[in-house]
Amino acid sequence: YNIIKDRKELLLNEISVSDKLYKIYCKPIIISSDVIGILVIEIKDNLEEVIKIANFLSSIITKKIDIS
């Protein structure tokens, strides 16, 4: 997966780490048309809540970072 190049959110349903399966939601953080990072959040229950939280965190990060 190339989240940075594609600039799209991504839902990974079965990621195996140390014999445990995880659901992961990934969201690129974009400032001035540059991807500066990626939020990676484990989904335990509600995907809609995770998306709301990711959008909220992303908006805080983009407002606080000043790239001149």
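Now for a quick tour of the structure.

Rules used in this analysis
- Residues numbered from 1 in each chain as written.
- Predicted model: local features only at pLDDT ≥ 70, side-chain atom pairs only at ≥ 80, totals over all residues.
- Heavy atoms only, no water.
- Helix = DSSP H or I, 4+ residues; strand = E, 2+ residues; numbered from the N terminus.
- Buried < 20%, exposed > 50% of the residue type's maximum accessible area, 1.4 Å probe, protein only.
- Contact = heavy atoms within 4.5 Å.
- Core = buried A, V, L, I, M, F, W, Y, C linked by side-chain atoms within 4.5 Å.

1. Description of unusual backbone geometry
Phi is positive for Asp19, close to 65 degrees, though the residue is something other than glycine. Looking at the element boundaries, Asp19 is found in the loop between β1 (10-17) and β2 (20-31). Look at Asp19 and you get exposed, because its relative accessible area is 79%. The phi angle at Ser32 is positive, at roughly 50 degrees, despite the residue not being glycine. On the secondary structure map, Ser32 appears in the loop between β2 and β3 (34-43).

2. Overview of the environment of Ile4
Mapped onto the secondary structure, Ile4 falls in helix α1 (residues 3-6). For Ile4 and Ile38, which are 34 residues apart along the polypeptide, the C-alpha to C-alpha distance reads 7.9 Å. Excluding residues that lie within four positions of it along the chain, Ile4 makes contacts with Val35 and Ile38.

3. What to know about the nonpolar core
Counting residues in each nonpolar core, the largest one holds seven residues, listed as Tyr25, Ile29, Leu39, Ile41, Ile43, Val50 and Ala54. Of all the secondary-structure elements, those providing two or more residues to this core are β2, β3 and α2 (47-64). Examining the composition of this core, we find that three residues originate from one element, β3, more than from any other. In contact with Ile43, not counting residues within four places along its chain, are Leu11, Lys23, Ile24, Tyr25 and Val50. Residues Leu10, Leu12, Ile24 and Cys26 belong to the second largest nonpolar core, which totals five residues.

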